[in-house]
Structures are given as structure tokens and as C-alpha cells.
Amino acid sequence: MSTTSLDPTVTAVATQFDLATGLTEARPSLQRRLSDMSGMYADTAALSAAVDADDVLTYEFYDFGVPSLETEVAYGTSITYPGKVGDEYFMTKGHFHTRLESAEIYLCLSGQGLMLMESPEGDVQVEEFRPGRSVYVPGRYAHRSINTSPDEPLITFFAFPGDAGHDYGTIETKGFRRIVLERDGAPVLVDNPRWQS
Ligand SMILES: O=P(O)(O)OC[C@H]1O[C@H](O)[C@H](O)[C@@H](O)[C@@H]1O
Ligand SMILES: [Fe+2]
């Protein structure tokens, strides 16, 4: 079936994602290994030992390069692999949006985990990811995906305004106020000992 459009400058685009892996052959993913996560995990000794031992891939995601316009929608899948650094689960770096008010929507396709969210004023929210469950990240909240499964990748589909942008600096320097650790086989939210006001 062909796709027609009244406006010749507009082209519909379809992308095939593999629901089992979260990956697409449409373009290369962006990949983050443990060595890209310097300063992100509470246990710095465990991180450097893990980097030296086997610098594994911890997550990958897509940037389809949609124009940075408020009328566009950036989208893709994000795959966070199972694993831990010390007691802290594999996770994304996390970021605020450069246009702080921009919200984002996630749909969990498979796996299990948490979305950790934090406002500049220090309000912390946590929502669970499980297959079929969406999480709406309100504007102004930094957000980080955390895989709490011992063996399955956490796969989500996300969408946000094209001009939202990524602000990593705040999280890189201050960290999140709370972190998620495994205690007795279950995730717990605790104060980040390395958080800087
Ligand atoms: O950008 P990070 O915090 O490293 O997370 C990786 C990716 O995760 C999500 O899927 C977001 O929607 C992406 O915009 C983000 O880039
Ligand atoms: Fe985001």
C-alpha cells in the first residue's frame, strides 16, 4: 500500500523494531558501556573494577534525528541490559530536558524496571516498568531508566518533543538525590551518598 500526502514535503516513515530485542536495523544504536558511566554509580571502586574486567554494554537507544522543532516528535527504543555495579542496577545516565518543561512518554515493551524521576526542587517520583505499562514523565523532571531484572533486558519505547534537548550536566555534577540498590534480592530507594546540593 502506498502512502500519499497532500504536502510533498511531508513523508511518512515506518520503522520495524524487533520486539524481542528492542533493536532496529534502520540505523545504528547509540551505545553506553560501563566506561561511559564515570561518576554515575555510587560504588566507584566497583565501577572501575568492572570497567577493567569487562567493559560491558549497559544500554543502547536510538536517535532518529528528527528536527529540533516543537512541532516534531523524537522517538525510539531504549534497551537497558541486566546487571549491577556493586549493589546498583544497570541504568541510563538520566537527564533533564534542556527545555525543562518538555515531558516524555515511555511504554514498556518487555522486561521490568523503574523510572526514577526528580524535579529541580527535589521532588522524587518512582514508577514501575512492566510490559504494557506506560510511564508519563512530567515536564521539569530528570529521568533515568533502571533495569531491576536479574536476567532480562528492559525495553521501552519513548517519545518527546523534538526541541526538548538533553541536559546531562546537572546529573553528571550533582547526581540524582536518590538511587536504587538491590537489598535482599529486591530494589530499594535510598539516599545517594554522593549527591551534591
Ligand atoms: O540519554 P540517557 O539519559 O543516557 O538515556 C538514554 C535514552 O533514554 C531514553 O530512551 C530517552 O528517551 C532518550 O532520549 C535517551 O537519550
Ligand atoms: Fe528524556
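Look a little higher up for the structure.
Because the structure is predicted, anything quoted here is derived from the model rather than measured.

Caption draft 1: Layout of the site of ligand 1. Near ligand 1 lie 13 residues; those nearest to it are Tyr59, Gly94, Glu104, His166 and Tyr168. Note that an oxygen atom of ligand 1 is positioned 2.3 Å from one of the side-chain N or O atoms of Glu104. Applying the majority rule of atoms within 2 Å of the grid points places ligand 1 in the largest pocket. Listing elements by their share of the shell around ligand 1, those giving two or more residues are strand 2 (57–61), strand 7 (104–110) and strand 12 (154–161). When the residues that make up the shell around ligand 1 are grouped by side-chain class, the tally is six nonpolar, five polar and two charged.

Caption draft 2: Representation of the layout of surface pockets. Put simply, the largest pocket is a space of about 480 Å³. Considering the residues around the largest pocket, the lining is formed by 29 residues, among which Phe61, Phe158, Phe160, His166 and Tyr168 are closest to the centre. Taken together, the elements giving at least two residues each to the lining of the largest pocket come down to strand 1 (30–33), strand 2, strand 3 (73–80), strand 7, strand 11 (142–147) and strand 12. Of the residues contributing to the lining of the largest pocket, the split by class is 12 nonpolar, 12 polar and five charged. Put simply, the second largest pocket is a space of about 190 Å³. Thr11, Val13, Val66, Pro67, Glu72, Val73 and Tyr75 together form the lining of the second largest pocket. Its residues assigned to classes, the lining of the second largest pocket comprises five nonpolar, one polar and one charged.

Caption draft 3: Expanded view of the pairing of strand 9 (residues 124–129). Here six bridges tie strand 8 (residues 113–118) to strand 9, and the two strands are oriented antiparallel to one another. Looking at the pairing, Leu116 lines up with Val126 of strand 9. Between strand 8 and the antiparallel strand that follows it, strand 9, lie five residues; Gly122 among them carries a positive phi value of about 100 degrees.

Caption draft 4: Quick look at the coordination of the iron ion (ligand 2). For the iron ion (ligand 2), the full set of protein donor atoms is His95 (NE2), His97 (NE2), Glu104 (OE) and His143 (NE2), at a range of 2.1 to 2.3 Å. Around the iron ion (ligand 2), the four donor atoms are arranged such that angles at the metal cover 85 to 164 degrees; this shape is classified as irregular. All donor residues of the iron ion (ligand 2) come from one chain, and their arrangement in sequence is H-x1-H-x6-E-x38-H. The residues His97 and Glu104 share a single accessibility class, namely buried.

Conventions and cut-offs
Residues numbered from 1 in each chain as written. Chains lettered and ligands numbered in written order. Predicted model: local features only at pLDDT ≥ 70, side-chain atom pairs only at ≥ 80, totals over all residues. Heavy atoms only, no water. Near = heavy atom within 4 Å. Polar contact = N/O pair within 3.5 Å; in protein donor to acceptor, adjacent residues only side chain to side chain. 1 Å grid on protein atoms, 1.4 Å probe; cavity = no way out; pocket = protein on both sides within 12 Å on 5 of 7 lines; lining within 4 Å. Sits in = over half its atoms within 2 Å of the grid points. Helix = DSSP H or I, 4+ residues; strand = E, 2+ residues; numbered from the N terminus. Nonpolar A, V, L, I, M, F, W, Y, C, P; charged D, E, K, R; others polar. Points joined across faces, edges and corners; volume = space filled by probe spheres on them. Pairing = 2+ DSSP bridges. Donors = N, O, S within 2.8 Å, 3.2 Å for Na, K, Ca; no water. Tetrahedral: all angles 85-135°; square planar, octahedral: opposite > 155°, others 65-115°. Buried < 20%, exposed > 50% of the residue type's maximum accessible area, 1.4 Å probe, protein only.

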